[in-house]
Amino acid sequence: LRSPRNQMAPKGHYFVPIVAIFSTLAVLKAVQQLWSSSIKSIERRSQSNTRSSLDVIARMYDTAKRDGIKMVIATTGSGGEAIAQLCQVPGMSSLIQEMIVPYAEESSEQFVGSAVKKWVSKEMAIELARAAHRRSVEISAKSPDFFTKPRPRSIGLGCTAAVVSTRPKKGDHQAYVATCDDLKIRVCRLVMAKNMRNRQEEDRCVAALIIRMASEAITGDTESYLLRQLKQNTSVPKITDVIEGPNEAPRQTPVQRVLSGECSFALFLPNEKVAYCDTRLSPSSSNDALTLLYPGSFNPLHEGHLVLAKAAISRAAKETDRKINLIFEISVSNADKATIDQKEILSRVSQFSSQASEDGKTFESFPVAITTAKYFVDKAKLFPGCWFVVGADTAIRIIDPKYYDSNKWNMFRVLCGLYESGVRFTVGVRVDKHGKLLTTQTILDELKALDEVIYDGLKHMFVDIPEKDFRLDLSSTEIRSKMNK
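What you see is a predicted model, and the numbers here were worked out from it, not measured in a lab.

1. Some words on the overall build of the protein
Within the protein, the regular secondary structure consists of 15 helices and 16 strands. At a minimum sequence separation of 6, the contacts of the protein that also span at least 24 residues come to 72%. Working note: accessible area of the protein is about 25,200 Å², and carbon and sulfur atoms make up 52% of it.

2. Digging into the sheet that holds strand β3 (residues 153-162)
Strand pairs in the sheet, formed through backbone hydrogen bonds, run parallel or antiparallel to each other. One open sheet holds the six strands; their spatial order is β2-β1-β3-β4-β5-β6, and the pairing between them is mixed. Of all strands in the sheet, those with a lone pairing partner are β2 (96-100) and β6 (242-250), marking the two edges. Going from strand to strand, the sheet's axes swing by 10° on average, the running direction of each strand aside. Together, β1 (69-76), β3, β4 (173-180), β5 (184-192) and β6 form the strand contacts of helix α5 (residues 199-218), whose direction differs from that of β5 by roughly 160°.

3. With respect to the pairing of strand β7 (residues 265-268)
Side-chain alternation along β7 places Phe265 and Leu267 on one buried face and Ala266 and Phe268 on a second face that is also buried. Here β7 runs beside strand β11 (residues 368-371); their pairing, made up of four bridges, is antiparallel. What sits directly across from Leu267, in β11, is Ala369.

4. Section: the environment of Val163
Its location among the elements puts Val163 in the loop between β3 and β4. Placed 29 residues apart in sequence, Val163 and Met192 show a C-alpha to C-alpha distance of 8.7 Å. Sequence-distant contacts of Val163, that is, excluding residues within four places in its chain, are made with Gly77, Ser78, Lys169, His173, Met192, Arg199, Glu202, Asp203 and Val206.

5. Overview of unusual backbone geometry
Excluding glycine, residues mostly have negative phi values, and the peptide bonds linking residues are mostly trans. Residue Pro300 is bonded to the preceding Asn299 through a cis peptide linkage, with omega at 5°. For Pro300, the location among the structural elements is in the loop between β9 (289-295) and α8 (303-319). Backbone geometry at Asp405 places phi at a positive 60°, although glycine is not the residue there. Topologically, Asp405 is positioned in the loop between α11 (392-398) and α12 (408-420). With a relative accessible area of 70%, Asp405 lands in the exposed category.

6. Structural notes on the packing of aromatic side chains
A full pass over the atoms with the stated rule returns twelve aromatic pairs. Seen in terms of ring centroids, Phe328 and Phe366 are 5.9 Å apart; in terms of plane orientation they differ by 70°. Their pairing is edge-to-face. One end of the pair, Phe328, is in strand β10 (residues 323-331); the other, Phe366, is in the loop between α9 (342-350) and β11, with 38 residues separating them in the sequence. A single burial state applies to Phe328 and to Phe366, both of which are buried. Between Phe388 and Phe425, the aromatic rings sit 5.3 Å apart at their centres with planes inclined by 20°, giving stacked as the arrangement. Note that Phe388 is positioned in strand β12 (residues 387-391) and Phe425 in strand β13 (residues 424-428), a separation of 37 residues in sequence.

7. Description of the pairing of β3
Most of β3 is tucked away, with nine of its ten residues classed as buried. Relative to β3, β1 runs parallel, the two sharing eight bridges. Note that in β3 the partner of Ile73 across the bridge is Leu157. Here β3 runs beside β4; their pairing, made up of seven bridges, is antiparallel. Bridged to Gly156 within β4 is Cys180.

The rules behind these values
Residues numbered from 1 in each chain as written. Predicted model: local features only at pLDDT ≥ 70, side-chain atom pairs only at ≥ 80, totals over all residues. Heavy atoms only, no water. Helix = DSSP H or I, 4+ residues; strand = E, 2+ residues; numbered from the N terminus. Contact = heavy atoms within 4.5 Å. Areas by Shrake-Rupley, 256 points an atom, 1.4 Å probe, with all protein chains shown as cover. Pairing = 2+ DSSP bridges. Axes fitted to C-alpha atoms, helices over the stretch in contact; angles between N-to-C directions. Buried < 20%, exposed > 50% of the residue type's maximum accessible area, 1.4 Å probe, protein only. Phe/Tyr/Trp six-rings, centres within 6.5 Å; stacked < 30°, edge-to-face > 60°.

Encoded structure:
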């Protein structure tokens, strides 16, 4: 006889396992539908974010194209999402010159030009924005028309952030974004609620702040855009993020920055009221272009200055096939004169846009540089390889040993170094206070009187402007004397 355990179970006993199987399948299907719905919701939210961002970016592009605006963006710690969104709009290269990610500490310090004291801070964002602004101007300066046409408005944007990472952060999850142009610096801080978002969502929030600040610098109001993005990039119904700013502060004027020693020169371009100013950017001569630098006090500016400038351009053109860029230069301090203040500097610069020559050629056709360079050797460091435009009376002082510790061989060594770097002096004839005509030959005779070796080494450094091309027995000193009578 078979035991009951070995006998087949009644048919009804199969019902319980079958129901369990179908119940499990139903639960799995519900989970799958819920998961699919969540994914679609995230995708819709992401697509909504992207569409909103692209609309703002498109407006930025249209405004920048119309107004001639250029921008460089530097971001560290986060910001990759903003770069990705900016790259989605066709034609953005006409606005964005570079997008830089100095991620490592060494890279960031090299980019801003100084040691990083605090990685995620207002000060770091400002330094990144300033460096980005310098870089934007530097890129624009590569244009062959930079010194003859109004330059684009340059904006630098800097971002530094701390977001979700592999290790929990003791401090805030936050981002600082700053923008910098010629006139002002603006900074905004975003503090994100901790443990409420993943890395991707926090990256999107930082991207929203970057795009908001970029858009405000170019087009205006976008605050509502940032608030929408913060709300959309979280699954928590109520979340408290903190937005501080943007706070705005005016920058020192370029002349103030020269006077304070922050930068070495400021350059007023033709038809522009605002100069650009930088410590590391200088308009140097190259294989394609030659910088003619015409230093002087221009107090006051007169017809003789423009006639000499035009004669020097013509003479230099005969010596080289390079494009000639002439720049007038006013030094705030002079080897033989007192330091001038900002009011006087701006007064002298204003002359270049208010006077015209007899043939209608205006002084505003040329840039004006404001520098701290007392001596020609200092000027040559700011404008490497330039040719100077001088009168013969100034050229006499250039070879005077008294300006070189009263040592003619010191003078020879310094001028040989300039000569080897490509520096030349185009010399216009002048009449001294005794009525004696001074020419390039006068300079050469003085060199020969010092020493034959000095003469042989420097005789080709002085380029003669023939008397038939320039002869105007007029000086600013004489004009001031007449004005004071």
